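Okay, here's what each chain looks like letter by letter:
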Amino acid sequence: MLRFISSPKSKSSKSALCNSVAVHVPPFYPPSDASPRTQSRARNLHSCLDSLYSTRTSVLSRRREGFFSAAFERIRPRIAEFGRNGIGLWRCLGPASGVKSFCTETVSRESLNYDVVIVGAGPAGLSAAIRLKQLCKEKDVDLSVCVVEKGAEVGAHILSGNVFEPRALNELLPNWKQEEAPIHVPVSSDKFMLLSKSRAFSLPSPFNNKGNYVISLSQLVRWLGLKAEELGVEIYPGFAAHEILYDTDGKVIGIATNDMGVAKDGSKKDNFQPGVELKGRVTLLGEGCRGSLSETVIKKFNLREKGEGQHQTYALGIKEVWEVNTDKHQPGSVLHTLGWPLDPKTYGGSFLYHMKDRQVAIGFVVALNYHNPFLNPYEEFQRFKNHPAIRPLLEGGTVLEYGARTLNEGGYQSIPYPVFPGGAIIGCSAGFLNVPKIKGSHTAMKSGMLAAESVFRTLHEGSPLEDLWDALRKSWIWEELYNARNYRPAFEYGLYGGLVLSALEHYIMRGKSPWTLKHGKPDHEATDEARFWQPIDYPKPDGVVSFDVPTSLYRSNTNHDHDQPSHLRLRDSEIPEQVNLPVYAAPESRYCPARVYEYIADENGHQKLQINAQNCLHCKACDIKDPKQNIKWTVPEGGGGPAYTLIFVLTRIHN
Ligand SMILES: Cc1cc2nc3c(=O)[nH]c(=O)nc-3n(C[C@H](O)[C@H](O)[C@H](O)COP(=O)(O)OP(=O)(O)OC[C@H]3O[C@@H](n4cnc5c(N)ncnc54)[C@H](O)[C@@H]3O)c2cc1C
Ligand code: SF4
């Protein structure tokens, strides 16, 4: 098994790093009894990491120069501490070690070979990695597995505050309690309410959260990363998979990370480093909802048609973590609402979970097939917090964190065929979220585990990877999603029609009705022209429970290097001014929860779209909702984006 041990010289190398211009990774020494293959892999990995590291240190040191430098400085000492205990090689040299590096050499694109390359260190990707290594151990086989993660740390791009169903974790790591998984707060009450503007009506809760836990998913993912690493998985946080690699027959043979140190104008900066090719005998894509590479592969191999799936449908979830007064905190209490402030034709609602340490995750989900282009999901969330049933809980509290992410709502009807030549799609990239439960962590984990078992059989026994499709259909994921299939499309009939139909499905038919409802139009086609609607007059933030976007954005600790090509690409640069603004009244300036898209008058008074890409929260709503599908979300330089885990965990430690 691969196990790399830092050289005794590494400490002095580390201090030398602080003063030197070029940065080098100390050599690794595999165990003396390692096989020649392992020895050679160690040399190969070292040479590649050496060039990668010099890029990473410069990228992460630039984070401190950005818009949120003060916040980053505040948490820096803690990051170093996490570094000592944290995941992966990078942490021992650390983004926070104070190193500045400028690499003046141009290095050609290097290539590393693995048995399995996994994109995304989320619940799906890490469960797949862990399961693969468990099988290796059971059968005494050595398969090399790496996971590449675009967040600066494992968990940094995972929104915390989650009601977690432990079914998949019980199967994957049955001793999770003894192994101190960060799962401590059982659900203690489970309420469901329909809101009018000033009242709240209790409904029977359809969620059935008995036996579930209120957790921080980013912390759980961090713990899963540690477990994966203990088993020998190599995790590379801070690297974004940018490109799919194909062989001459069109089979996927891995991914390439993006070039670093490229300026806005496309020129190479002093610290330019080409991307790295990570080649795998099998590639698993676990990028989460609307993964950029996953979408490419779904289209290229017609996986939706092959799986006889409908289009995927989505919602945007916007969330805050609050610290509330002790007398208001009820650990394990869970509340979901429907209704106000959304109009009855727009599907969505809120969730409010009491975690531990006086923390409450509160969020609002808006289905992206809304019609009114003037609707602003961020403002709907701010309005919601003023409801008389909600505001008293928040008053006197403090917001610790802000974030946003889309989630899949297509369920059973929208699952693509998950296998492509050379790999498979797992987790929310394939859309395994259970909508009526608003839970996808357990299904993402289970799909990763099933994929790992199929991959292991493929690599070890030569069976076809396509067996994964059958394994999925025989699993409890399929049963869950099948039984829940009519819940979301029922709300095509509006809030009240949806409530009646979904209650019928849930309580009487119990998912066994002989029909399967279809989804309506794809989300981008659902937006009406602005002439059919009136602008919505949202109240100004009061700074007590509601806030403006820049204030919230600060709490997400988001940052990207300003001087890099925009990762938000317009397929046609004319469409914003010729279509989006005149026909749809610039919906991107409202659905984006980070105010990345702004129309600003030029010197002639013409409104021009300005894209503030450095504020992007990686939620992917623009990739989904743009009426003409003109915005393409691609990965920015690795390490950029939100830093949910850090700000969340560290603020708690500070307090
Ligand atoms: C607002 C909201 C509330 C939710 N509440 C719950 C809940 O209460 N309970 C529940 O069970 N589920 C909940 N979910 C769903 C749950 O978060 C997802 O189902 C789950 O996280 C999916 O896991 P995943 O591994 O497929 O993807 P993700 O968790 O999204 O992880 C994907 C990882 O891949 C990385 N990545 C993506 N693209 C690349 C790339 N190209 N290169 C490198 N890295 C990449 C990302 O940074 C991320 O770390 C909620 C989701 C949202 C948005
Ligand atoms: S630019 Fe797109 S992906 Fe980024 S925060 Fe805005 S809507 Fe989300």
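Enquirer: Provide a residue-level description of the overall build of the protein chain, including the pertinent values.
Expert: Along the backbone of the protein chain there are 22 helices and 26 strands. Expressed as a percentage of its 655 residues, the buried residues of the protein chain come to 63%. When contacts within the protein chain are restricted to residue pairs at least 6 apart in sequence, long-range pairs at least 24 apart make up 78% of them. Carbon and sulfur atoms make up 52% of the accessible area of the protein chain, which amounts to about 25,200 Å² in all.

Enquirer: Please give an account of a positive patch on the surface that cites residues and values.
Expert: On the surface, a cluster of positive charge is made up of K299, R569, R571 and K632. Within the element layout of this structure, K632 appears in strand β26 (residues 631-633).

Enquirer: I'd like a rundown of the nonpolar core, residues and numbers included.
Expert: Counting residues in hydrophobic clusters, the biggest one holds 86 residues, and the most contacted among them are L169, I183, L224, I255, L278 and L284. Take this core: its biggest share by element is nine residues, from helix α12 (residues 441-461). Excluding residues within four positions of it along the chain, L284 makes contact with V116, V117, I118, V119, A128, A424, I426, A451 and V455. Counting residues in each nonpolar core, the second largest holds 82 residues, with V399, L433, Y487 and V596 among its members.

Enquirer: Let's hear about the pattern of salt bridges: which residues, and what values?
Expert: Here the structure, examined in full by the defined rule, presents 21 salt bridges. Within this structure, R109, E243, E277 and K279 form a network of salt bridges that share partners.

Enquirer: Pulling in residues and values, what's your account of the sheet that holds strand β16 (residues 314-323)?
Expert: Pairing is mixed in the open sheet, where seven strands are placed in the order β8-β7-β17-β18-β19-β16-β20. Of all strands in the sheet, those with a lone pairing partner are β8 (200-203) and β20 (398-408), marking the two edges. Strand-to-strand, the axes of this sheet are offset by a mean angle of 20°, without reference to chain direction. Relative to β20, β16 runs antiparallel, the two sharing ten bridges. Looking at β20, one finds that Y314 is bridged to N408.

Enquirer: Please set out the pairing of β8 residue by residue, giving values where relevant.
Expert: With four bridges connecting them, strand β7 (residues 189-195) and β8 associate as antiparallel partners. When the sheet's bridge partners are listed, L195 is paired in β8 with A200. Between β7 and the antiparallel strand that follows it, β8, lie four residues.

Enquirer: Outline unusual backbone geometry, supporting the account with residue identities and numerical values.
Expert: In this model, W340 is joined to P341 through a cis peptide bond whose omega is 5°. Note on placement: P341 falls in the loop between β17 (333-339) and β18 (348-354). Backbone geometry places R595, a non-glycine residue, at a positive phi of 45°. With phi around 50°, Q629 is a residue other than glycine that occupies positive phi space. Within the fold, Q629 resides in the loop between α21 (621-625) and β26.

Enquirer: So what about the site of ligand 1? Which residues, and what values?
Expert: What surrounds ligand 1 is a group of 35 residues, the closest being E149, V163, A241, C428 and S441. P123 places a main-chain nitrogen or oxygen 3.2 Å from an oxygen atom of ligand 1. Relative to its unbound accessible area of 990 Å², ligand 1 is 95% covered by the protein chains. Among the elements of the structure, α5 (123-139), β4 (145-149), β5 (162-164), β18, β20 and α12 are those that each provide at least two residues to the shell around ligand 1. Here the element with the most residues in the shell around ligand 1 is β20; it accounts for three residues. When grouped by side-chain class, the residues that make up the shell around ligand 1 number 19 nonpolar, eleven polar and five charged.

Enquirer: Can you explain the side chain of Q134? Please cite residues and give values.
Expert: Along the chain, Q134 falls in helix α5. Q134 sits in the buried class, given a relative accessible area of 15%. Polar contacts involving the side chain of Q134 include one to the side chain of R131, which spans 2.9 Å.

Enquirer: Which residues make up the environment of P186, and what values go with them?
Expert: Take P186: it is sitting in strand β6 (residues 185-186). C-alpha separation for the pair P186 and V163, spaced 23 residues apart in sequence, amounts to 9.1 Å. Here P186 is in contact with N212, Y213 and G332, once residues within four sequence places are set aside.

Enquirer: Describe the environment of Y314, listing the residues and the values that go with them.
Expert: Checked against the element boundaries, Y314 lands in strand β16. Sequence separation between Y314 and C289 is 25 residues, and the spatial gap between their C-alpha atoms is 8.6 Å. Apart from residues no more than four positions distant in its own chain, Y314 is found in contact with C289, R290, E295, A367, L368, N369, L407, N408, E409, D523 and I624. Of the polar contacts made by the side chain of Y314, one reaches the side chain of R290; its length is 3.2 Å.

Enquirer: Can you explain the sheet that holds β6? Please cite residues and give values.
Expert: Read from one edge of the open sheet, three strands run β5-β9-β6, paired in antiparallel fashion. Only two strands of the sheet have a single partner each, and these edge strands are β5 and β6. Sheet topology places β6 next to strand β9 (residues 213-215); two bridges connect them, and they run antiparallel. Within β9, the residue paired with V185 across the bridge is V214.

Enquirer: Please set out the state of the cysteines residue by residue, giving values where relevant.
Expert: Applying the stated criterion across every chain yields a total of zero disulfides. In this structure C289 is a free cysteine whose sulfur lies 6.4 Å from that of C428, the closest cysteine sulfur available.

Enquirer: Help me get a handle on the packing of α5 against helix α7 (residues 217-230), residues and values and all.
Expert: Orientation of α5 relative to α7, taken along the N-to-C sense of each, is 20°, at an axis distance of 9 Å. In terms of orientation, α5 and α7 fall into the roughly parallel class. Between α5 and α7 lies a crossing whose hand is left-handed. Two secondary-structure elements touch here, α5 through P123, L126 and I130 and α7 through L217, V221, L224, G225, K227 and A228. Residues belonging to the contact of α5 with α7 are distributed by class as follows: seven nonpolar, one polar and one charged.

Enquirer: A description of the packing of α12 against helix α14 (residues 476-483) should follow, citing residues and the corresponding values.
Expert: For the pair α12 and α14, the least separation of the axes is 10 Å and the interaxial angle reads 140°. Considering the relative orientation of α12 and α14, their crossing is left-handed. Of the residues in α14, those touching α12 at H442, T443, K446, S447 and L450 are W476, I477 and E480. Here the residues of the contact of α12 with α14 sort into three nonpolar, three polar and two charged.

Enquirer: Account for a nonpolar patch on the surface, naming residues and giving values.
Expert: Side chains of L504, Y507, I508 and W515 sit close together on the surface and give an oily, nonpolar patch of about 390 Å² of accessible area. Position of W515 relative to the elements: it lies in the loop between α16 (494-509) and α17 (523-526).

Enquirer: Lay out the confidence of the model for the protein chain with the relevant residues and their values.
Expert: The predicted model of the protein chain has a mean per-residue pLDDT of 85, with 82% of residues at 70 or higher. Low pLDDT (under 50) marks residues 1-31, which in the prediction has 64 contacts with non-local residues, meaning those over four places away or in another chain. Low pLDDT, under 50, characterises residues 646-655; the predicted model gives this stretch 34 contacts beyond four residues in sequence or across chains.

Scoring rules and cut-offs
Residues numbered from 1 in each chain as written. Chains lettered and ligands numbered in written order. Predicted model: local features only at pLDDT ≥ 70, side-chain atom pairs only at ≥ 80, totals over all residues. Heavy atoms only, no water. Helix = DSSP H or I, 4+ residues; strand = E, 2+ residues; numbered from the N terminus. Buried < 20%, exposed > 50% of the residue type's maximum accessible area, 1.4 Å probe, protein only. Contact = heavy atoms within 4.5 Å. Areas by Shrake-Rupley, 256 points an atom, 1.4 Å probe, with all protein chains shown as cover. Patch = residues over 30% accessible without salt bridge, like charges linked within 9 Å, V, L, I, M, F, W, Y side chains within 5 Å. Salt bridge = Lys/Arg side-chain N within 4 Å of Asp/Glu carboxyl O. Lys, Arg positive; Asp, Glu negative; His and termini not counted. Charge placed at Lys NZ, Arg CZ, Asp CG, Glu CD. Core = buried A, V, L, I, M, F, W, Y, C linked by side-chain atoms within 4.5 Å. Pairing = 2+ DSSP bridges. Axes fitted to C-alpha atoms, helices over the stretch in contact; angles between N-to-C directions. Near = heavy atom within 4 Å. Polar contact = N/O pair within 3.5 Å; in protein donor to acceptor, adjacent residues only side chain to side chain. Nonpolar A, V, L, I, M, F, W, Y, C, P; charged D, E, K, R; others polar. Disulfide = S-S within 2.5 Å. Parallel < 35°, antiparallel > 145°, perpendicular 65-115°, else oblique. Left-handed = near helix turned anticlockwise from the far one by under 90°. pLDDT = per-residue confidence, 0-100.

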